[in-house]
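Coordinate analysis (summary)
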Amino acid sequence: MEGILSGIASRMAAAWFVLLATTAVALLALYDGALPALAVISAWLIVCAAAIAAIRPRLAAEEESVPDSLETVLAFDFGDLPGLLDEIDLAIYLLAPDGTVLFQNRSASDTFGKFPLGSHISARMRAPGVLDIIRDTLANGRVNQIEYSERLPSERVYLVRSAPVSDAERPVFMLVLRDVSEARRIDRMRSDFVANASHELRTPLASLRGYIETLQGPAKHDVKAQERFLPIMLDQATRMSRLVDDLMSLSRLEAKAHLPPDQTVTLNALLGHVRDSLLPLAEDLEVSIHLFMPEEPVTVNGDKDELVEVFENLIENACKYGSEGGKVEVYLKPLSPSGAEVSVVDHGPGIPSEHVPRLTERFYRVSVADSRSKKGTGLGLAIVKHILTRHRARLSVKSEVGHGTTFTVRF
């Protein structure tokens, strides 16, 4: 009887606002005499009963769920294990036999957010494949592994492994998620690189083979055909040579990417040398190259030959792809305390914004036809990026369609 009265009292306390409002309305009705007293009291009792009944299921659910979850978590004492797991750079969850989360380490909290202990793992992991291996491990004690991808908020790939980690008396199961996104990205880049390099070499090779077969056969004694085909063959061979040279440059740069340069380079003289070497190309394209440099020398730590290659690439690209603007401007300015900034500005058609983030990818071209017509290999900016990475420098690109492009190197 005492328990029943206690339950009713707790439910009435939870519905106190409704009861208070109902009582006020009932008293007001009695005072005004608008309704008979018996009707008012009956209505008051009905509303009170409804309020208590409405609040009862929620209280019952809370009474049933909270203690069970807490008891499940508190029943396990892991000793020093949580401190050790917190130092592991993998997302780790410890699960009870029913899938309840008993523990999550720091990496799991940082990666997927804090998770209320005592809740079921399905509240956090909703991928069907992941839930399937968890259920199989919980039911059969088998070790399972699966690769799981997330698209939002950014694309990530995880290697998910579930396994039992304790004896049968107090079974505990471990769920481990290892981020392999970077490894998968590198694998994809490597396969894309091989495919792109093969494609780039296949086209001029097929062209050369076709012309050679023609000269050996139907045009064997055709002087006019030979005069027409031989320059094209030379052009295709030169294209392959440039491509192979660029591939070799990338290979060399990757081999020594961890070795910072130890020379001192004066950028004033270097940019003047690059400008002079590109004057014949600029004259052919009817583009003028203007240098804006301070009087005092600006020096940086670097490899002279590699920095020449960087600025030759940037200024040559500005001349080729920004020739409509008629001029290319190169600005050099020192940065405190010992840095420098070089900006290469053209006034050409500009680059659409969706292409800008991918410009330094290997073989990426804004316009394939335009690049090939100007004898580009699609590797120039990739080489620039690798050289600047070795020099601990950064490349930024700003472009607006119709208003030109600015490439800025900051040391």
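A brief report on the enclosed structure follows. (Residues numbered from 1 in each chain as written. Predicted model: local features only at pLDDT ≥ 70, side-chain atom pairs only at ≥ 80, totals over all residues. Heavy atoms only, no water.)

Turning our attention to the overall build of the protein chain. Along its length, the protein chain carries twelve helices and twelve strands. Taken over 411 residues, the protein chain has a buried fraction of 36%. The long-range fraction of contacts in the protein chain, counting pairs at least 24 apart against all pairs at least 6 apart in sequence, stands at 58%. As presented, the protein chain carries roughly 24300 Å² of accessible surface, and 57% of it is formed by carbon and sulfur atoms. (Helix = DSSP H or I, 4+ residues; strand = E, 2+ residues; numbered from the N terminus. Buried < 20%, exposed > 50% of the residue type's maximum accessible area, 1.4 Å probe, protein only. Contact = heavy atoms within 4.5 Å. Areas by Shrake-Rupley, 256 points an atom, 1.4 Å probe, with all protein chains shown as cover.)

A sheet is described by the order of its strands in space; here five strands give the open sequence S7-S9-S10-S12-S11, paired in mixed fashion. The open sheet terminates on both sides in strands that have one partner only, identified here as strand S7 (288–292) and strand S11 (394–399). Direction aside, neighbouring strands of the sheet carry axes that sit 15° apart on average. In this sheet, strand S9 (residues 327–335) lies alongside S7 in parallel orientation, the contact comprising five bridges. When the sheet's bridge partners are listed, Ile289 is paired in S9 with Val328. With respect to the sheet, helix H10 (residues 304–321) is in contact with S7, S9, strand S10 (339–346) and strand S12 (405–410), its orientation differing from that of S10 by roughly 20°. (Pairing = 2+ DSSP bridges. Axes fitted to C-alpha atoms, helices over the stretch in contact; angles between N-to-C directions.)

Quick look at the pattern of salt bridges now. Applying the stated rule across the entire model yields 14 salt bridges. Salt-bridge contacts for Asp276 lead to Arg275; the nearest nitrogen and oxygen are separated by 3.0 Å. Its relative accessible area of 25% is what places Arg275 among the partly exposed residues. One network of salt bridges, in which partners are shared, links Asp303, Glu306 and Arg390. (Salt bridge = Lys/Arg side-chain N within 4 Å of Asp/Glu carboxyl O.)

Helix-helix packing: each pair is described by the crossing angle between the helix axes and the interaxial distance. At a minimum axis separation of 9 Å, helix H9 (residues 267–284) and H10 run at an interaxial angle of 45°. With respect to H10, the axis of H9 lies oblique. As H9 packs across H10, the resulting crossing turns out to be right-handed. Contacts between H9 and H10 pair Leu267, Leu270, Leu271, His273, Val274, Ser277, Leu278, Leu281 and Ala282 from the former with Lys304, Leu307, Val308, Phe311, Glu312, Ile315, Glu316, Cys319 and Lys320 from the latter. (Parallel < 35°, antiparallel > 145°, perpendicular 65-115°, else oblique. Left-handed = near helix turned anticlockwise from the far one by under 90°.)

We now examine the sheet that holds strand S3 (residues 144–150). Read from one edge to the other, the open sheet built from five strands follows the order S2-S1-S5-S4-S3, with strand pairing classed as antiparallel. The open sheet is flanked by strand S2 (101–104) and S3, the only strands paired with a single partner. The sheet shows a mean angle of 20° between the axes of neighbouring strands, taken without regard to direction. Bridge analysis of strand S1 (residues 91–95) against S2 gives three bridges, and the strand direction is antiparallel. Each bridged residue has a counterpart across the sheet, and for Leu94 the counterpart in S2 is Phe103.

So, on to helix H12 (residues 380–390). Counting buried residues along H12, eight of its eleven residues qualify, which places the element largely inside the surrounding structure. All of the buried residues along H12 are Gly380, Leu381, Ala382, Ile383, Val384, Ile387, Leu388 and Arg390. Following H12 by one or two positions, Arg392 adopts a phi angle in the positive range, close to 55°.

Inspection of the sheet shows S3 paired to strand S4 (residues 156–164) by seven bridges, in the antiparallel sense. Within S4, the residue paired with Ile146 across the bridge is Val160. One ladder, built from seven bridges, connects S4 with strand S5 (residues 173–179); its direction is antiparallel. Paired with Ala163 across the bridge in S5 is Met174.

Scanning the model with the defined rule gives four aromatic pairs in all. An aromatic cluster of three or more residues is present, and its members are Phe112, Tyr148 and Tyr158. (Phe/Tyr/Trp six-rings, centres within 6.5 Å; stacked < 30°, edge-to-face > 60°.)

Two elements in contact, helix H8 (residues 223–255) and H12, have axes separated by 10 Å at closest approach and are oriented at 20°. With respect to H12, the axis of H8 lies roughly parallel. In this structure, H8 crosses over H12, and the sense of that crossing is left-handed. Residues Asp246, Ser249, Leu250, Leu253 and Glu254 of H8 form the contact with H12, whose participating residues are Ala382, Ile383, His386 and Ile387. Across the contact of H8 with H12, the residue classes break down as five nonpolar, two polar and two charged. (Nonpolar A, V, L, I, M, F, W, Y, C, P; charged D, E, K, R; others polar.)

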